[in-house]
Amino acid sequence: MKLFAPFLILALTLSAATGEDEIKSAEKAWIAAVKSRNVAELEKLFTPELIYGHASGAIETKQKYLDRLKSGKQRYDSMEIESMKIVMYGTTAVAHCVARFTGVNDSGPFNDHLMLLHTWVKQKGAWQLAAHQTAKLP
């Protein structure tokens, strides 16, 4: 068993690195789809049970959030990730980011410096966003 331990550690390390790269790609796909209001892509990226929490305290279902994007009531002009930490838990991943988002919502234009927390789950071979929560930073 001692002989195989280094290989096992290497395999687990490579698996975590691959998972982190997959989550970084999923985050980029989420940003691109939200900015372009690509509802078809977001339908694939979001779990049916998505919990979408905004820094305002509003919590939306998948359908409500997608409807607001479609209508233009929620629009993002820019979404810049300043930092990201990803922690893998098998078929679940948590991504914690600091970001700046600009755009327009029901309250008017916004330019928010945010802390962002995403929970991703791997289902049927694809990563999907199960939960989104932002909080305003000073």
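Residues numbered from 1 in each chain as written. Predicted model: local features only at pLDDT ≥ 70, side-chain atom pairs only at ≥ 80, totals over all residues. Heavy atoms only, no water.

Draft legend 1. Structural view of the environment of serine 56. Tracing the backbone shows serine 56 in the loop between β1 (46-53) and β2 (59-60). Given the relative accessible area of 65%, serine 56 is considered exposed. When the C-alpha atoms of serine 56 and lysine 136 are compared, they prove to be 8.4 Å apart, with 80 residues separating the residues in sequence. Within polar-contact distance, the side chain of serine 56 engages the backbone nitrogen of alanine 58 at 3.3 Å. (Helix = DSSP H or I, 4+ residues; strand = E, 2+ residues; numbered from the N terminus. Buried < 20%, exposed > 50% of the residue type's maximum accessible area, 1.4 Å probe, protein only. Polar contact = N/O pair within 3.5 Å; in protein donor to acceptor, adjacent residues only side chain to side chain.)

Draft legend 2. Molecular detail of the pattern of salt bridges. The final tally for this structure, using the stated rule, is eight salt bridges. A salt bridge links aspartate 67 to lysine 70, with the nearest nitrogen and oxygen atoms 3.8 Å apart. Of this pair, aspartate 67 and lysine 70 both sit in helix α3 (residues 62-71), three residues apart, which is roughly one turn of that helix. A relative accessible area of 37% means that aspartate 67 is categorised as partly exposed. By sharing partners, the salt bridges in this structure join Glu60, Arg68 and Asp106 into a single network. (Salt bridge = Lys/Arg side-chain N within 4 Å of Asp/Glu carboxyl O.)

Draft legend 3. Quick peek at the side chain of glutamate 27. Relative to the assigned elements, glutamate 27 resides in helix α1 (residues 5-36). Despite its burial, glutamate 27 pairs with no opposite charge, the nearest such side chain being lysine 28 at 11 Å. Engagement of the side chain of glutamate 27 in a polar contact is seen with the side chain of histidine 118, the distance being 2.8 Å. Filtering out sequence-adjacent residues up to four positions away, glutamate 27 remains in contact with Met84, Ala95, His118 and Trp120. (Lys, Arg positive; Asp, Glu negative; His and termini not counted. Contact = heavy atoms within 4.5 Å.)

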